[in-house]
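# Tertiary structure, described
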Amino acid sequence: MYENIGRSLGTDYFRIADQLTREELGYLRRTREFVDDEVLPVINGYWERAEFPWPLVEKLAKLEIVGDGIEGYGCPPMSPIATGLVHMELNRGDGSLGTFVGVQAGLAMQSIAMLGSAEQKQRWLPGMARLEKLGAFALTEPLHGSDSVALETSACSEGGEWVINGAKKWIGNGTLAGVVVVWARDVEDSQVKGFLVKKGTPGYDARRIEGKGSLRAVWQAEITLSDVRVPEENRLPGANNFRDTGRVLAGTRNAVAWAALGHATAAYEAAVAYCRQRQQFGKPLVSFQIVQDKLVKMLAEVCSMQLYCLRLGRLIEEGRLTDTIAAIAKMNNTRKARQVIFEARDLLGGNGILLDFHVMRHMADISRRFTPTKAPKPSRLSSWAGTSPVPARSRDGRTIRFVDADGVRVRTSVRGSGPPLLLITGLGASLDLGAPFGRELAARGMQVVSFDAPGIGLSSPYRWPQRMPGIARTVERMLDALGYDRIDVLGVSLGGVIAQQFAHQAPYRVRRLISVPNGFSMMTCDPGARPAAPSMVTVGSKAAGGTAR
């Protein structure tokens, strides 16, 4: 009697698609087709049986949409908006499938990508992007849900190994994963650290949680860790405190906002399709004004959620997404999604509780999505400024992030992979002006770190005049925030002066110092500031800012 209930209607009244690139539209279309053609015909059965949909995961792997914008390591090149569109469409099909990908890419893979070593990334990320290896993220505990900062799982260093003891709960993929990112508190310094625990490690026991009324087709686990021994090489070197954990978690708020949009879109479109076909009193339901009023209000909420999500993607690209903005978007979209789904359930009448019409499944699943978010500090509600908790990805392959360094909000850029190299350009040059130089260096196998000097580009200015030693100190604080210990340094033009001063003040941070001075900066260089520890290389260039090759 009813046809195509649940299939996409392409709802886009504010012409969001006009703002998308060809690549982003490609991700949207193939994910949408996968949901309509593969997910919707079978997902109700998996959900009702609480069965993990392995056949769908196998088909999902062929789409090349898993990676959440991680650069390299076999991950598909995805902008922040493309990543969001994928989460939106998967959750439009089913919240369980969306949660599975959120755990795989947004938590497990991002933990390794953001905090892991080069060897760990190469070992795990390519297989995880192809869904040949599944991952899990073990943070929450039986007694600590949203209060995850108070976790009690312990890690003790013993002879080149770490011994982990504790318990975890609500761990997605915990019974299936080949690698589990386990968060535990170091008994020596009380700091939270991250560890990669492989499947089959003695002492790791995962039991599937049964009896769920939401997200039934994704398996979550309760885990016991009893003297689990993890070698030092399996510790995430970039995870040294809970702030590092928070960097991973912050990115999920963006994904949850898009996921909530997917749930709301599914319910709205199911209600529209149903009301067009359902005859009541000799006329289709959609012809009644009270039904039209409900549908229009639902549509308005969906459109507002779309605009929220589009703006989130743009802010990530610009490196301006703060914790406050991400939290507000998550709160708004999950609340609005619940309202839209409830109205859809009401419009479908008795049929609304049947899985065949999909709405009831989304109603159950959104109740799990709507989780209290830690409230942002009141002092940050009045301003967009603040350190971005989400690494931004611009369209030319850079990762842009704002960090607080020495009282200054510094805009930073990281491009490429390989040995890290700090690029310091002239004092008046922004990182955008130096982007072509950075691209060339990245193409030669380097990870290029650059930044807007204080008061230049999008970095905030100093509150007082600074000399070279002060700027060099800011550079060191910036590297601390970004997690770089030792790094090559390349100074161009007047940036060479800062590079030399930095190497003089912190020689233990500089592996090699490369200076590319022009005519003026050569006169300002202080030979006595050249450090003894790092090797010093001077590359001559044409005067008045000629290009060094």
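Quick caveat, the model's predicted, so the values are computed rather than measured.

Looking only at helices and strands, the protein has 14 helices and 17 strands in total. Per-residue burial over the protein gives 55% buried out of 549 residues. Across the protein, the fraction of contacts at a sequence separation of at least 24, relative to all contacts at a separation of at least 6, is 73%. Put simply, the protein shows about 23600 Å² of open surface, and 53% of that area lies on carbon and sulfur atoms.

Our focus in this paragraph is the pattern of salt bridges. Pairs may arise between side chains of opposite charge once their charged atoms sit close together. Tallied over the entire structure, the rule returns 29 salt bridges. The salt bridge involving Asp186 is made with Lys193; its shortest N-O contact spans 3.2 Å. Both residues of the pair, Asp186 and Lys193, count as buried. Here Lys193 and Asp189 are joined by a salt bridge, their closest N and O atoms 2.8 Å apart.

Along the polypeptide, Pro142 turns up in the loop between strand 1 (135–138) and strand 2 (154–158). Given the relative accessible area of 39%, Pro142 is considered partly exposed. Sequence spacing of Pro142 and Glu222 is 80 residues, and the spatial spacing of their C-alpha atoms is 8.2 Å. Apart from the residues lying within four places of it in its own chain, the contact partners of Pro142 are Ala167, Lys168, Lys169 and Glu222.

Our next topic: the nonpolar core. Membership of the largest hydrophobic core comes to 54 residues, with the highest contact counts inside it found for Phe34, Leu60, Leu90, Phe100, Met109 and Trp183. Broken down by secondary-structure element, the contributors of at least two residues to this core are helix 1 (22–39), helix 2 (43–49), helix 3 (54–61), helix 4 (80–93), helix 5 (95–115), helix 6 (118–129), strand 4 (179–186) and strand 5 (192–198). Broken down by element, this core gets its largest block of residues, 12 residues, from helix 5. Contacts of Phe34, omitting those with residues within four sequence positions, involve Val39, Leu56, Lys59, Leu60, Leu63, Leu90 and Leu97. Listed in part, the 47 residues of the second largest apolar core include Leu20, Ala267, Ala337 and Val359.

Two aromatic rings are characterised by how far apart their centres lie and by the angle between their planes. One pass over the structure, following the stated rule, counts 9 aromatic pairs. Aromatic side chains Trp162 and Phe195 sit 5.3 Å apart centroid to centroid with 55° between the ring planes, which places their arrangement in the tilted category. In this pair, Trp162 sits in strand 3 (residues 161–172) while Phe195 sits in strand 5, placing the two residues 33 residues apart along the sequence. On the basis of relative accessible area, Trp162 is assigned to the buried category, the value being 6%. When its relative accessible area of 0% is taken as the criterion, Phe195 is described as buried. When the ring centre of Tyr27 is taken as origin, the NZ or CZ atom of Arg30, which lies over that ring, is 4.5 Å away.

Together, Tyr13, Phe14 and Leu307 give the surface a local cluster of nonpolar side chains, amounting to about 340 Å² of exposed area. For Phe14, the location among the structural elements is in the segment before helix 1.

The next point concerns the pairing of strand 7 (residues 220–231). One ladder, built from 9 bridges, connects strand 3 with strand 7; its direction is antiparallel. When the sheet's bridge partners are listed, Val163 is paired in strand 7 with Arg229.

For the rest of this paragraph, the subject is the environment of Leu151. Residue position: Leu151 is located in the loop between strand 1 and strand 2. By relative accessible area, Leu151 is classed as buried at 2%. Placed 32 residues apart in sequence, Leu151 and Trp183 show a C-alpha to C-alpha distance of 8.4 Å. The residues contacting Leu151, other than those within four sequence positions of it, are Leu139, Glu141, His144, Lys168, Trp183, Ala184, Arg185 and Val192.

Right, let's talk about the pairing of strand 12 (residues 408–415) for a bit. Among the 8 residues of strand 12, 8 are classified as buried, and the element is accordingly described as predominantly covered. Residues Val408, Val410, Thr412 and Val414 point to one face of strand 12 and Arg409, Arg411, Ser413 and Arg415 to the other, with burial holding for every one of them. Turn length for the strand 11 (residues 399–405)-strand 12 hairpin, with the two strands adjacent in sequence and antiparallel, is 2 residues, and the turn residue Asp406 shows positive phi of about 60°.

So, on to the confidence of the model for the protein. Taken residue by residue, the protein gives an average pLDDT of 86. The fraction at 70 or more is 86%. Below pLDDT 50 for its whole length, residues 372–389 participates in 34 contacts with residues either more than four positions away or in separate chains. When the criterion is pLDDT under 50, residues 519–533 qualifies, and its contacts beyond four places in sequence or with other chains add up to 23 contacts.

As a packed pair, helix 5 and helix 7 (residues 242–277) sit with axes 10 Å apart at the nearest point and diverge in direction by 155°. Comparing the axis directions of helix 5 and helix 7 gives the class roughly antiparallel. Between helix 5 and helix 7 the crossing geometry is right-handed. Where helix 5 abuts helix 7, its residues Gly95, Gly106, Leu107, Gln110, Ser111, Met114 and Leu115 lie against Asp244, Arg247, Val248, Leu249, Thr252 and His263. Residue composition of the contact of helix 5 with helix 7, by class: 5 nonpolar, 6 polar and 2 charged.

A few words now on the packing of helix 8 (residues 289–318) against helix 9 (residues 323–347). Put simply, helix 8 and helix 9 touch, their axes get as near as 10 Å, and they point 155° apart. With respect to each other, helix 8 and helix 9 are oriented roughly antiparallel. Regarding helix 8 and helix 9, the two cross each other, and that crossing is left-handed.

Within the fold, Thr245 resides in helix 7. Ignoring anything within four residues of it in the chain, the contact list for Thr245 reads Phe137, Leu139, Trp183 and Val192.

Here is what the cut-offs are and how they apply
- Residues numbered from 1 in each chain as written.
- Predicted model: local features only at pLDDT ≥ 70, side-chain atom pairs only at ≥ 80, totals over all residues.
- Heavy atoms only, no water.
- Helix = DSSP H or I, 4+ residues; strand = E, 2+ residues; numbered from the N terminus.
- Buried < 20%, exposed > 50% of the residue type's maximum accessible area, 1.4 Å probe, protein only.
- Contact = heavy atoms within 4.5 Å.
- Areas by Shrake-Rupley, 256 points an atom, 1.4 Å probe, with all protein chains shown as cover.
- Salt bridge = Lys/Arg side-chain N within 4 Å of Asp/Glu carboxyl O.
- Core = buried A, V, L, I, M, F, W, Y, C linked by side-chain atoms within 4.5 Å.
- Phe/Tyr/Trp six-rings, centres within 6.5 Å; stacked < 30°, edge-to-face > 60°.
- Lys NZ or Arg CZ within 6 Å of the ring centre and 35° of its normal.
- Patch = residues over 30% accessible without salt bridge, like charges linked within 9 Å, V, L, I, M, F, W, Y side chains within 5 Å.
- Pairing = 2+ DSSP bridges.
- pLDDT = per-residue confidence, 0-100.
- Axes fitted to C-alpha atoms, helices over the stretch in contact; angles between N-to-C directions.
- Parallel < 35°, antiparallel > 145°, perpendicular 65-115°, else oblique.
- Left-handed = near helix turned anticlockwise from the far one by under 90°.
- Nonpolar A, V, L, I, M, F, W, Y, C, P; charged D, E, K, R; others polar.

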